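# Structural characterization, general
What follows is the residue order along each chain.
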Amino acid sequence: MNLTRTCSNCGYTQTYTTEAFASAHHPRHSCAKQQRLAERRQRKAHRRYGPKCECRHASRHEHGTRAAYVHDICRCRACTAANTAESNREYRERSFGRWEPYVDAGPVRVHIQQLRRAGIGVVQIAKLAGLAPSTVQCVIYPRPGAQMPAERVRPGTARKILAIQIDETNLAERSLVDATGTRRRLQSLVAAGFTVPWLAAQLGRTPPNLRRTMRSTHVTARTAREVRDLDDRLWDTEPPAATKTQQAASRAARAYAAEHGWLRRLAWDDIDHDPDPEPNHHLDSADDPDDLDEIKVERVIAGDTSLRLTEAEEREVVRRLTERGRSIRVIAELLSTSTRTVSRRRAKIRAA
């Protein structure tokens, strides 16, 4: 008959053939020795199987790196292998006299200052470089108790920070930028026939909010990026014109843009930096003879309301129908627009 005895202190377990044998030998085991053996087995299992530890730091460490091995105390296979490889590389570099754990922080500090002057803050720099904000702050500010900022940094840290370019795409979403390009892009879309309410819906905003953006001198980097993406998607497309209401709204948008001298997208060489054009100089000028299609004008006068006219063609239709004695309401129905727009057209014709 076999008996099994287990120690309540260290968990030591052994099987004995008789009760007397168990009573004589089991108390003679060493609890301290058994605990050391158990810890050794646990460490060996950790090295072999490597439990993965999740990073809890503000700047998350990536698994399979020495940083995760050191800071997160992660002993998974990938982190252990990365730590071993880095240790071996350090040993080889030291052996050949090429070990350079730090580099001068001066160029890195100058680059950070340039980025900050361009509107890229410390937190955004750290985010783009994949570093902790405290790492960037130590380069430009003294540590607690120190009088000077860090004089040296790790080569990897220097490479990551120096790789950040001064670009609007690297700005934080709430950073303020010049609104010239954003305003011109929105104006060019309106000049192409896209209405402000329709553009606001595409951007997930309200029309009053978008109109304020079109009058602002500065906008957030997020707004500038969203408007740039929208302009890249729409500048060479036609506005919605499935119904007469949409066609009338598109004509009204073009007319409003023409009255304020807003240019189409192709009128700009550099929409962000070109100087403002001279007053009354715009691409879709109503006085441009090349913008007048006689066939379309005659078809509209004959009653065809399916055509889309330019401002010059609409003005010519208004002029001819006015000479024939047609009322403002009849002309507005033919052009699928409002009587107010027709009245403005007539006023411009009389003023000319």
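Residues numbered from 1 in each chain as written. Predicted model: local features only at pLDDT ≥ 70, side-chain atom pairs only at ≥ 80, totals over all residues. Heavy atoms only, no water.

## Here we look at the overall build of the chain
What the chain contains, in helices and strands, is 17 helices and six strands. If you take every contact in the chain between residues at least 6 apart in sequence, the share linking residues at least 24 apart comes to 57%. Accessible surface computed for the chain: about 22,000 Å², of which carbon and sulfur atoms make up 50%. Taken as two groups, the 61 positive and 43 negative side-chain charges of the chain have centres that lie 14 Å from each other. (Helix = DSSP H or I, 4+ residues; strand = E, 2+ residues; numbered from the N terminus. Contact = heavy atoms within 4.5 Å. Areas by Shrake-Rupley, 256 points an atom, 1.4 Å probe, with all protein chains shown as cover. Lys, Arg positive; Asp, Glu negative; His and termini not counted. Charge placed at Lys NZ, Arg CZ, Asp CG, Glu CD.)

## Some points on unusual backbone geometry
Its identity as a non-glycine residue notwithstanding, Ile73 has a phi of 55 degrees, on the positive side. Summarising the element assignment, Ile73 is placed in the loop between α3 (66-71) and α4 (77-95).

## Re the nonpolar core
With 23 residues, the main nonpolar core has Val108, Ile112, Ile125, Val136 and Ile161 as its most contacted residues. Put simply, the parts of the chain that give this core at least two residues each are α5 (106-117), α6 (122-129), α7 (133-140), α8 (155-162) and α12 (221-234). Per-element tally for this core: the top contributor is α6, with four residues. Ignoring anything within four residues of it in the chain, the contact list for Val108 reads Val139, Val153, Ala158, Ile161 and Leu162. Within the second largest apolar cluster, 18 residues are counted, among which are Ala191, Leu210, Leu230 and Ala253. (Core = buried A, V, L, I, M, F, W, Y, C linked by side-chain atoms within 4.5 Å. Buried < 20%, exposed > 50% of the residue type's maximum accessible area, 1.4 Å probe, protein only.)

## Some points on helix α9 (residues 180-191)
In an α-helix, one turn spans 3.6 residues; hence positions three or four apart end up facing the same way. Taking 1.5 Å per residue, 12 residues should reach 16 Å; α9 reaches 16 Å between its end C-alpha atoms and fits that length. Counted residue by residue, α9 has 11 buried out of 12 residues, so it is predominantly covered. Taken together, the buried positions of α9 are Thr180, Gly181, Thr182, Arg184, Arg185, Leu186, Gln187, Ser188, Leu189, Val190 and Ala191. Packed against the buried residues of α9 are β5 (176-178), α10 (196-203), α11 (207-215), β6 (218-220), α12 and α13 (244-259). Backbone geometry just after α9 places Gly193 at a positive phi near 110 degrees. (Expected span 1.5 Å × (residues − 1).)

## Focus on the confidence of the model for the chain
Detailed reading of the predicted model is not advised wherever pLDDT is low. Per-residue pLDDT for the chain has a mean of 84; in total, 93% of the residues score no lower than 70. Confidence, expressed as mean pLDDT per element, reaches its minimum in the chain at helix α2 (residues 31-49) with 79 and its maximum at α10 with 93. For the stretch residues 280-287, pLDDT sits under 50, and the model shows 16 contacts to residues farther than four places along the chain or on other chains. (pLDDT = per-residue confidence, 0-100.)

## Quick notes on the packing of α9 against α12
At a minimum axis distance of 9 Å, the contact between α9 and α12 shows a crossing angle of 35 degrees. Both α9 and α12 take part in a crossing whose hand is left-handed. Note on element contacts: α12 touches α9 through Ala224, Val227, Arg228, Leu230, Asp231 and Leu234, opposite Thr182, Arg185, Leu186, Ser188 and Leu189. (Axes fitted to C-alpha atoms, helices over the stretch in contact; angles between N-to-C directions. Left-handed = near helix turned anticlockwise from the far one by under 90°.)

## Brief notes about the pairing of strand β2 (residues 13-16)
Pairing analysis gives four bridges linking strand β1 (residues 3-6) to β2, with the strands arranged antiparallel. The partner of Arg5 across the bridge, within β2, is Gln14. The loop that links β1 with its antiparallel partner β2 comprises six residues; one of these, Gly11, has a positive phi angle of about 85 degrees. (Pairing = 2+ DSSP bridges.)

## Side note on α6
Taken residue by residue, α6 has Val122, Gln124, Ile125, Ala126 and Ala129 as its buried positions. Looking at the buried positions of α6, the neighbouring elements they touch are α5, α7 and α8. Of the residues trailing α6, Gly130 is marked for its positive phi of about 70 degrees.

## Description of the pattern of salt bridges
The full count for this structure, using the stated rule, is 18 salt bridges. A salt bridge links Glu86 to Arg89, with the shortest nitrogen-to-oxygen separation between them at 2.7 Å. Of this pair, Glu86 and Arg89 both sit in helix α4, separated by three residues, roughly a single helical turn. Of the residues examined, Glu86 reaches a relative accessible area of 24% and is grouped as partly exposed. Note on Arg89: relative accessible area 33%, which makes it partly exposed. (Salt bridge = Lys/Arg side-chain N within 4 Å of Asp/Glu carboxyl O.)

## Notes on the packing of α9 against α11
Contact pair α9 / α11: the axes reach a minimum separation of 8 Å and the direction vectors enclose 120 degrees. The angle between the axes of α9 and α11 places the two elements in the oblique class. Seen from α9, the contacting residues are Thr182, Arg183, Leu186, Gln187 and Val190; seen from α11, they are Leu210, Thr213 and Met214. Tallied by class, the residues present in the contact of α9 with α11 amount to four nonpolar, three polar and one charged. (Parallel < 35°, antiparallel > 145°, perpendicular 65-115°, else oblique. Nonpolar A, V, L, I, M, F, W, Y, C, P; charged D, E, K, R; others polar.)

## Regarding the environment of Ser343
As for its placement among the helices and strands, Ser343 is situated in helix α17 (residues 339-351). Its relative accessible area of 32% is what places Ser343 among the partly exposed residues. Along the backbone, Ser343 and Ile331 are 12 residues apart, and their C-alpha atoms lie at a distance of 10.0 Å.

## Considering the side chain of Asn170
With respect to the helices and strands, Asn170 occurs in the loop between α8 and β5. In this structure the side chain of Asn170 is engaged in a polar contact, spanning 2.8 Å, whose partner is the backbone oxygen of Gln165. When neighbours within four sequence positions are excluded, Asn170 is seen to be in contact with Ile120, Gln124, Leu128, Ile164 and Gln165. (Polar contact = N/O pair within 3.5 Å; in protein donor to acceptor, adjacent residues only side chain to side chain.)

## Side note on the side chain of Arg320
Here Arg320 shows up in helix α15 (residues 311-323). A residue is classified by how much of its surface remains accessible, and Arg320, at 12% relative accessible area, is buried. A distance of 2.6 Å separates the side chain of Arg320 from the side chain of Glu316, its partner in a polar contact.

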